[in-house]
Amino acid sequence: MKDSSIYISDHLNQKTFTDLRKIIDLNFYQEEKYYLSMSIEDYRNLMVKAQDSLNENNAALMICKSIEHDIVNYLKTDKFLIQSNVYLRASRPINNPSTENIGWHRETFYGSNMEKSVNIWTPLRGLTLENTLRYIPMSHLIKDEEIKVKKISSDITKRFSLGHKLGFQYAPKKIIGGVKLNRSLPMMVDYGKSAIFSGNLIHGAAVNSADSIRFSIDFRIIRKSDYSSKNKQHHFSSSKPYFIEYK
């Protein structure tokens, strides 16, 4: 997967994974059918509670410390910023997957200067080949102007809503041309590892066709030398600066 900018990093401290997994287990301890029957609003409220707990425990910092060696090698520098707020993805196997996963995108769809960003994605529970994150091989090399998108309004997620706090878009951009979406591949990452990949790589569409909920978290990092005033300045979910100092 390296030809698509993806590097799989082993956590040096496996306690990082177990501690983050424990937060998920403490918040989602009922039988699967309990969550499958919840309304989208009630389910998202539970997700926000778990996401807040992850951020109170500095999940992004924990992960970066555990894979710092590979981040530094990937960025070619130890001077970088990290997103102040991780996003929890908890995709249920339901009939309306658009309410549970983020569609195909690259980071430039939703922020200036984000082509310089790098994504960190960490699965925590329920990951299978049928529900993992997907990506379009070599798509990080496609120029923005070659991609045709259509802006749509979400019927489920409104601005400043629970879904917005979880990273769902209230006005998502749908790719309608310039990318061969039918060539997508699964991004399989074992527990205790994280994927590091370019913010330009087109990814998403992790529709859950498995039997259980898939839990993962993600956030972005950026070299200090690549950061500019064009980047998002504040994070809606945390009310903190969007990027903060790693050290």
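The following refers to the structure shown. (Residues numbered from 1 in each chain as written. Predicted model: local features only at pLDDT ≥ 70, side-chain atom pairs only at ≥ 80, totals over all residues. Heavy atoms only, no water.)

### Section: the packing of helix H1 (residues 14-27) against helix H4 (residues 59-66)
- Packing of H1 against H4 leaves a shortest axis separation of 9 Å and a crossing angle of 160 degrees. Judged by the inter-axis angle, H1 sits roughly antiparallel to H4. Taken as a pair, H1 and H4 cross one another with a handedness that is left-handed. Contact with H1, carried on its side by Thr16, Asp19 and Leu20, involves Ala59, Met62, Ile63 and Ser66 of H4 and no other residues of that element. (Axes fitted to C-alpha atoms, helices over the stretch in contact; angles between N-to-C directions. Helix = DSSP H or I, 4+ residues; strand = E, 2+ residues; numbered from the N terminus. Parallel < 35°, antiparallel > 145°, perpendicular 65-115°, else oblique. Left-handed = near helix turned anticlockwise from the far one by under 90°. Contact = heavy atoms within 4.5 Å.)

### Comments concerning H4
- Of all the residues in H4, the buried ones are Ala59, Ala60, Ile63, Cys64 and Ser66. Seen end-on, H4 carries its buried residues on one side only, within an arc spanning 165 degrees. (Buried < 20%, exposed > 50% of the residue type's maximum accessible area, 1.4 Å probe, protein only. Arc of directions from axis to C-beta.)

### So, the nonpolar core
- Core analysis: the biggest nonpolar cluster contains 38 residues, and Phe28, Leu54, Ile71, Leu88 and Ile221 have the highest contact counts within it.
- Looking at this core, the elements that each hand over two or more residues are H1, helix H3 (40-56), H4, helix H5 (68-75), strand E2 (80-83), strand E3 (87-91), strand E4 (118-125) and strand E11 (214-223).
- Counting residues per element, this core draws most heavily on H3, which supplies six residues.
- The contacts of Leu54, once residues within four sequence positions are left out, are Leu20, Ile23, Ile24, Ala59, Val86, Leu88 and Ile217. (Core = buried A, V, L, I, M, F, W, Y, C linked by side-chain atoms within 4.5 Å.)

### Description of H5
- Listing the buried residues of H5 in full gives Asp70, Ile71 and Leu75. Buried positions in H5, seen along its axis, are confined to an arc of 125 degrees and lie on one side of it.
- For H5, the secondary structure elements touched by its buried residues are strand E1 (7-10), H4, E2, E4, strand E9 (193-198) and E11.
- Immediately downstream of H5, the backbone of Lys76 shows phi near 65 degrees, a positive value.

### Quick look at the packing of aromatic side chains
- All told, the structure shown has nine aromatic pairs when counted by the stated rule.
- Relative to Tyr191, the ring of Phe17 lies with its centre 5.5 Å away and its plane at 25 degrees, an arrangement referred to as stacked. Linking Phe17 in helix H1 with Tyr191 in the loop between strand E8 (185-186) and E9, this pair joins segments that are 174 residues apart in sequence.
- Judged by relative accessible area, Tyr191 falls into the partly exposed class, the value being 37%.
- The interplanar angle of 55 degrees and the centroid separation of 5.4 Å between the aromatic rings of Phe28 and Tyr35 together place this pair among those described as tilted.
- Residue Phe28 is classed as buried on the basis of its relative accessible area of 2%.
- Ring-pair connections join several aromatic residues into one group, and the members of that group are Phe28, Tyr34, Tyr35, Tyr43 and Phe215.
- A cation sits over an aromatic face here: Arg21 above Tyr191, 5.9 Å from the ring centre.
- Directly above the aromatic system of Tyr43 lies the positively charged group of Arg92, at a separation of 4.0 Å from the ring centroid. (Phe/Tyr/Trp six-rings, centres within 6.5 Å; stacked < 30°, edge-to-face > 60°. Lys NZ or Arg CZ within 6 Å of the ring centre and 35° of its normal.)

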